[in-house]
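# Structural features, examined
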Amino acid sequence: MAVPHDARPFADALERAYHDGLRADDACLRALELVTLERGSDASKNLLTELRSLLEGNLQGFELPPMHLVIARANVEKLAELTHAKRLTRIRASNKLRGPAIGEALLERARAALPADPKESGSWAECAVRAMTYSDTEERREADHITVCLARGLAFWGNSLRVLCDLRGAEKLIRQADDTLEFFGIGNLAARAELASFRGSLQRARRDFEEAILSLELAEAGWNLLGDLGQQARVCLKISHTHGLADRPQDALEAVRSGIPLLERLDDPRLAWSFRHNEAWFLEGTGLAGESRQAADAARQLAAEFPDSFTQLRVQWLEGRLCRSEGRPDEAVDHFRAVQTGFLADQNPYDAALVSLDLATLYLETGRHTEVVELATAMRAAFEALGVHREALAAWRLFTDACQRQAANVQLAKNLARYLD
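Here goes a summary of the coordinates provided. Here the structure is a predicted model, which means the values were calculated and not measured.

## Topic: the pattern of salt bridges
If you walk through the whole model with that rule in mind, you get 29 salt bridges. Among the ionic pairs, Arg-130 bridges to Glu-126, the shortest N-O distance being 3.2 Å. Here Glu-126 and Arg-130 lie together in helix α7 (residues 118-134), a separation of four residues that amounts to about one turn. Residue Arg-130 is classed as partly exposed on the basis of its relative accessible area, which comes to 31%. Its salt-bridge partner being Asp-308, residue Arg-270 comes within 3.1 Å of it at the nearest N-O pair. Note that Arg-270 is positioned in helix α14 (residues 269-285) and Asp-308 in the loop between α15 (289-303) and α16 (309-325), a separation of 38 residues in sequence. Judged by its relative accessible area of 28%, Asp-308 is partly exposed.

And the structure:
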């Protein structure tokens, strides 16, 4: 039987993996990585059916007994009220805080703290790293699982530093996580997909948009292969956000819509809201205000289930952008000001700055230069009071100076928004 053309890149990549000394699942996983990185998501999708039949059931790694995880969660719960330093001290002293079940329980805490509290996520991740460093076993599969938890802990820790704007520290830890899997020859696809997702987020923060897309496509292909639709959908959202930051709203919209069919097989109202909200956001960004309004109405209905400020402020922010697009600037100003106040109350200066730039853009478009200066000056004071990253503060100071000299324009505001995002 003739070999389909789309299968040849994988066969070539598999030969390269064999040449590197890898065998079985490890070789197949390396081949998947090579093909995805070199050919992009279209090629990887064409290979997934073949790879699923070859590898399904052999990629999840060591299976924890359920009772072990229950006990581990109970032991980890006792750390919740302690300071970070005391958590580390307890982990160092207690033999109960060892092994893969403890690693998984600590990493569950690291994930649960996101996105609201990256510092807490980093604390739990560092705890996982320390606990796995102290763990030991003579059973090979259990040892591999400990290594996987160690690598994932490093990645979560690095991700928390990324959110806190320490990109150098984040890069060091995420590279260390990758090196850990490579050094020990771990072929766990779920861990590799998770690391690829974190790596993509870091590359996006560094403005390496093309590399970020490649990493995120690798993550999406991995989750697709494993059949984890929820994780695959979340990566679709990351890909769309990356295109948005690269000022490619049409690509961002296509990435969002490519993930919407996954929602039909998921019972996740929060994820459904995220997709509908982002769809409306990028439709508005491409000038399709009518379609955006329909998607926003659907998103608002889903958001009614989530009264938290994270969700509701974004609903109102989108409403402000739609009012602006629909030619109702006064209503847009009211929404933007309310959202700005809400973000500042939540001590979220970066989103406060982004909505302020939407407001500044509206002022600049309507020639309200005095109000632009007042807005920029007030946000500069808020930035200084909240202690934001010095590079972000410096960028905002330049924008304020430009406003005061009446040299600011819409493009400058948009460029600053992409930087701060």
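## Describing the nonpolar core
Among the nonpolar cores identified, the biggest contains 41 residues, and Ile-102, Leu-106, Trp-124 and Trp-157 are the most heavily contacted of them. Here the element with the most residues in this core is helix α8 (residues 140-163); it accounts for nine residues. If near-sequence neighbours (up to four positions away) are discounted, Leu-106 is found in contact with Val-76, Leu-79, Trp-124, Cys-127, Ala-128 and Ala-131. Grouped together as the second largest cluster of nonpolar side chains are 39 residues, Cys-236, Leu-237, Leu-283 and Ala-353 included.

## Observations regarding a nonpolar patch on the surface
On the surface, Met-67, Val-70 and Ile-71 cluster together to form a nonpolar patch covering roughly 290 Å² of accessible area. Here Val-70 is to be found in helix α4 (residues 66-77).

## Things to note about the packing of aromatic side chains
Considering all chains together, one arrives at four aromatic pairs under this definition. Considering the side-chain rings of Trp-317 and Phe-343, the 5.7 Å spacing of their centres and the 75 degrees angle between planes classify their relative orientation as edge-to-face. Of this pair, Trp-317 sits in helix α16 while Phe-343 sits in helix α17 (residues 329-345), and the two are 26 residues apart along the sequence. Taken as a pair, Trp-317 and Phe-343 share a single burial class, namely buried. Aromatic rings pair up to connect Trp-281, Trp-317 and Phe-343 into one cluster. In this structure, Arg-270 is placed above the aromatic ring of Phe-306, and the distance from its NZ or CZ to the ring centre is 4.4 Å. The positively charged end of Arg-321 is found above the aromatic ring belonging to Trp-281, 4.1 Å away from the centroid.

## So, helix α6 (residues 100-112)
An ideal rise of 1.5 Å per residue puts 18 Å on 13 residues; α6 measures up with 18 Å between its terminal C-alpha atoms. Taken residue by residue, α6 has Pro-100, Ala-101, Ile-102, Gly-103, Glu-104, Ala-105, Leu-106, Leu-107 and Ala-110 as its buried positions. Buried positions along α6 lie against α4, α7 and α8.

Reading the values: the criteria
Residues numbered from 1 in each chain as written. Predicted model: local features only at pLDDT ≥ 70, side-chain atom pairs only at ≥ 80, totals over all residues. Heavy atoms only, no water. Salt bridge = Lys/Arg side-chain N within 4 Å of Asp/Glu carboxyl O. Helix = DSSP H or I, 4+ residues; strand = E, 2+ residues; numbered from the N terminus. Buried < 20%, exposed > 50% of the residue type's maximum accessible area, 1.4 Å probe, protein only. Core = buried A, V, L, I, M, F, W, Y, C linked by side-chain atoms within 4.5 Å. Contact = heavy atoms within 4.5 Å. Patch = residues over 30% accessible without salt bridge, like charges linked within 9 Å, V, L, I, M, F, W, Y side chains within 5 Å. Areas by Shrake-Rupley, 256 points an atom, 1.4 Å probe, with all protein chains shown as cover. Phe/Tyr/Trp six-rings, centres within 6.5 Å; stacked < 30°, edge-to-face > 60°. Lys NZ or Arg CZ within 6 Å of the ring centre and 35° of its normal. Expected span 1.5 Å × (residues − 1).

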